[in-house]
Amino acid sequence: DPAGAEAEAALFFSGNRVPAGAEPAAHCYCGHQFGSFAGQLGDGAAIYLGEVLGPRGERWEIQLKGAGITPFSRQADGRKVLRSSIREFLCSEAMFHLGIPTTRAGTCVTSDSKVVRDVFYDGNPKNERCTVVLRIASTFIRFGSFEIFKPPDEYTGRKGPSVNRNDIRIQMLDYVISTFYPEIQEAYSDNSVQRNAAFFKEITKRTARLVAEWQCVGFCHGVLNTDNMSIVGLTIDYGPFGFMDRYDPEHVCNGSDNTGRYAYNKQPEICKWNLGKLAEALVPELPLEISQHILEEEYDAEFEKHYLQKMRKKLGLIQLELEEDSKLVSELLETMHLTGADFTNTFYLLSSFSVDMDPSKCEDFLEELTSQCASVEELKVAFKPQMDPRQLSMMVMLAQSNPQLFALIGTKANINKELERIEQFSKLQQLTADDLLSRNKRHWKEWLEKYRVRLQKEIESVGNADAWNTDHVKVMNSNNPKYILRNYIAQNAIEAAENGDFSEVRNVLKLLERPFQEAEGFQEVKEDAEEEGATATAAVCAQETRSRQQYCSKPPLWASELCVT
């Protein structure tokens, strides 16, 4: 009886019934949050149920997120809401199908129970539906798991709950390495320092490769604290994440990240900083001089290597690896930045560019490419000044007259950014759409000429140009997604679900499971409104949602107002 099976599954996956053999527990960890040691944190909303061994001996840890109070909930209620759960559910699966190491989401169960949440921390709380996500990974152990041994921090005075318990650190290292890095355990079974060094080298390289993958799809994590870094190199803890739309190297996806610590272009260096904190947490089992040397030797080199390999694939450079390729990539990103190009769609379009295009085809291609660039309206929204002019002039005066006080309430970078925004905004007032288009075309013509020359070198180095071209397009199409989880797409699905219609969540999930393919034959899920208990307004809302926008389009103007904290 499928209905009975689903009802029983809902009991297990909502946390209302404990599966046989499960031993529920919450994980204790610490963490550096936004650069400061926060002391003991732990799973405040996640409950570990146990491990399942797969048919090939693979190990899966399963946990429920949002099932209620745990020993680490502090003043919170241990609940998650429909909005954040749908985002985590969809993004875990989107990342997996993009080929990026990640935790997975198995189920998403919602209810009629409500909790109060102040979404933007602005004094406007609202009732939201409690929801539970089943999360799956080989392990949820984090860098912060090893910070429980930290003695009092020199800046915050906080300490871990297990100071001086080196016996537990040894136990944890033995468990992590023998279980998740068995080949390292085998190779160094008689020398624990060498073994621990080999493990640290491997997690350093995995982390570097992971961030390179993020940068190549425009993914911003949003909260790269040490407690959100996986000990096996997975993307973990989906909160205020975001896939970048218009290319902006300084893009910040988290509305609460006021200093831009976790901006898109800072992710590689932040993950390296976090590895430095892990290194400190492994002393004395791995001396700091050894781990710091590994970090300096391995991280940047591995990141650069993996990033360039991936970018070559995205540009279809499949034959030669030339020194000049890294310059070609940075000039492409610079062109995207200058023209406000859509990150995902620009890469996706490049596979239809060819060396021997005739002038009219070339013009059509340029038209298509520039249609992915920001319009005057979009740029005005992007560069709209964010400070009250009086506040800004006060801050500028304060920076000059009392630098010490200014340092406590503002940063020079933020003020400079605001001044730059004002300058850009005033220039935009004079800019016409035609001026913008011809300027964008000029920028793209310059870069495409360099790209053409580079592709020509590929063709000259092969015997069969047709076979090369087939492979070139194939590699590009399997490395440049057509569909990503854009914020506005997630928002449409959330709004429909909050009105009782879950078909849009299912539609988006189906697309994200095939991110590199055209949505030919894509069957939209239409749900029986009664079965979902949806109202007539929900059905209308879902219909509007579907007709609003194609799933791969540049975001509509209202999307720039979305704020995720």
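The structure displayed is predicted, hence computed values, not measured ones.

## Side note on the overall build of the protein
Here's step 1: The helix and strand tally for the protein stands at 19 helices and 9 strands.
Here's step 2: Against the compact-globule benchmark of 24 Å for 565 residues, the protein has a radius of gyration of 25 Å, which places it among compact chains.
Here's step 3: The dimensions of the protein, computed from C-alpha atoms along their principal axes, are 70 × 65 × 65 Å.
Here's step 4: Each of the 565 residues in the protein was classed as buried or not, and the buried ones make up 49%.
Here's step 5: When the accessible surface of the protein is summed, it comes to about 27200 Å², and 51% of that surface belongs to carbon and sulfur atoms.
Here's step 6: One way to put it: in the protein the 63 positive side-chain charges average out to a point 3 Å from where the 83 negative ones average out.

## A look at the environment of V176
Here's step 1: In this structure, V176 sits in helix α3 (residues 166–180).
Here's step 2: Apart from residues no more than four positions distant in its own chain, V176 is found in contact with I141, F146, Y181, F199 and I231.

## A word on the confidence of the model for the protein
Here's step 1: Across the protein, the average pLDDT comes to 92, with 94% of residues at 70 or higher.
Here's step 2: Predicted confidence for residues 529–534 stays below pLDDT 50, and this span has 8 contacts to residues more than four positions away or in other chains.
Here's step 3: Taken together, the stretch residues 542–548 has pLDDT below 50 and engages in 13 contacts with residues farther than four places along the chain or on a different chain.

## So, the pairing of strand β4 (residues 59–65)
Here's step 1: Within β4, 5 of the 7 residues are buried, which leaves the element mostly enclosed by the surrounding structure.
Here's step 2: Note that strand β3 (residues 46–53) and β4 share 7 bridges and pair antiparallel. Residue G50 lies in a different strand from β4, and its bridge partner there is I62.
Here's step 3: Where β3 folds back on β4, the antiparallel hairpin that results is connected by 5 residues, among which G57 adopts a positive phi of roughly 85°.
Here's step 4: In this structure, β4 lies alongside strand β7 (residues 126–137), joined through 5 bridges in antiparallel fashion. Note on β7: the bridge partner recorded for Q63 is R135.

## Things to note about the packing of helix α5 (residues 192–217) against helix α6 (residues 267–281)
Here's step 1: In the contact formed by α5 and α6, the axes pass within 10 Å of each other and the chain directions differ by 160°. Compared by their axis directions, α5 and α6 come out roughly antiparallel. Once α5 is placed against α6, the crossing between them reads as right-handed. Residue-level inspection shows F200, I203, T204, T207, V211, W214 and Q215 of α5 in contact with α6, the latter providing Q267, P268, C271, L275, L278 and A279.
Here's step 2: Of the residues that constitute the contact of α5 with α6, the class distribution is 9 nonpolar, 4 polar and no charged.

## Concerning the domain arrangement of the protein
Here's step 1: Examined at the domain level, the protein breaks down into domain 1 (182–310) and domain 2 (326–379 + 430–478).
Here's step 2: Between domain 1 and domain 2, the C-alpha centre-to-centre distance is 31 Å.
Here's step 3: Contact residues are listed per partner, giving 13 residues for domain 1 and 11 residues for domain 2.
Here's step 4: Three residues, R246, Y247 and L308, lead the burial of domain 1 against domain 2; their summed loss comes to 55% of the area buried on that side.
Here's step 5: Seen at the junction of domain 1 and domain 2, the total is 0 salt bridges.
Here's step 6: At the boundary of domain 1 with domain 2, the tally comes to 2 residue pairs in polar contact (both at pLDDT 80 or more).
Here's step 7: If you list the elements that add at least two residues to the side of domain 1 that touches domain 2, you get α5 and α7 (288–314).
Here's step 8: With 3 residues, the top contributor of residues to the side of domain 1 that touches domain 2 is α5.
Here's step 9: Residue composition of the side of domain 1 that touches domain 2, grouped by class: 8 nonpolar, 2 polar and 3 charged.

## Looking at the pairing of strand β1 (residues 30–33)
Here's step 1: Of the pairings in the sheet, the one linking β1 to strand β2 (residues 36–40) comprises 3 bridges and is antiparallel in character. Bridging across to β2, Q33 finds its partner in S36.
Here's step 2: Hairpin geometry of β1 and β2 is characterised by an intervening segment of 2 residues between the two adjacent antiparallel strands and by a positive phi of about 50° at F34.

## Side note on the nonpolar core
Here's step 1: Among the nonpolar cores identified, the biggest contains 115 residues, and F146, F200, L315, L350 and Y451 are the most heavily contacted of them.
Here's step 2: Ranked by residue count, the leading element in this core is α5, at 12 residues.
Here's step 3: Viewed by domain, this core spans two of them, domain 1 (182–310) and domain 2 (326–379 + 430–478), each represented by three or more residues.
Here's step 4: In terms of nonpolar packing, the next biggest core, distinct from the first, is built from 7 residues, L49, I62, L64 and I136 among them.

About the criteria used
- Residues numbered from 1 in each chain as written.
- Predicted model: local features only at pLDDT ≥ 70, side-chain atom pairs only at ≥ 80, totals over all residues.
- Heavy atoms only, no water.
- Helix = DSSP H or I, 4+ residues; strand = E, 2+ residues; numbered from the N terminus.
- Rg over C-alpha atoms; globule rule 2.2 N^0.38 Å.
- Buried < 20%, exposed > 50% of the residue type's maximum accessible area, 1.4 Å probe, protein only.
- Areas by Shrake-Rupley, 256 points an atom, 1.4 Å probe, with all protein chains shown as cover.
- Lys, Arg positive; Asp, Glu negative; His and termini not counted.
- Charge placed at Lys NZ, Arg CZ, Asp CG, Glu CD.
- Contact = heavy atoms within 4.5 Å.
- pLDDT = per-residue confidence, 0-100.
- Pairing = 2+ DSSP bridges.
- Axes fitted to C-alpha atoms, helices over the stretch in contact; angles between N-to-C directions.
- Parallel < 35°, antiparallel > 145°, perpendicular 65-115°, else oblique.
- Left-handed = near helix turned anticlockwise from the far one by under 90°.
- Nonpolar A, V, L, I, M, F, W, Y, C, P; charged D, E, K, R; others polar.
- Domains from an automatic or database assignment.
- Buried area = accessible area lost by both parts, 1.4 Å probe.
- Salt bridge = Lys/Arg side-chain N within 4 Å of Asp/Glu carboxyl O.
- Polar contact = N/O pair within 3.5 Å; in protein donor to acceptor, adjacent residues only side chain to side chain.
- Core = buried A, V, L, I, M, F, W, Y, C linked by side-chain atoms within 4.5 Å.

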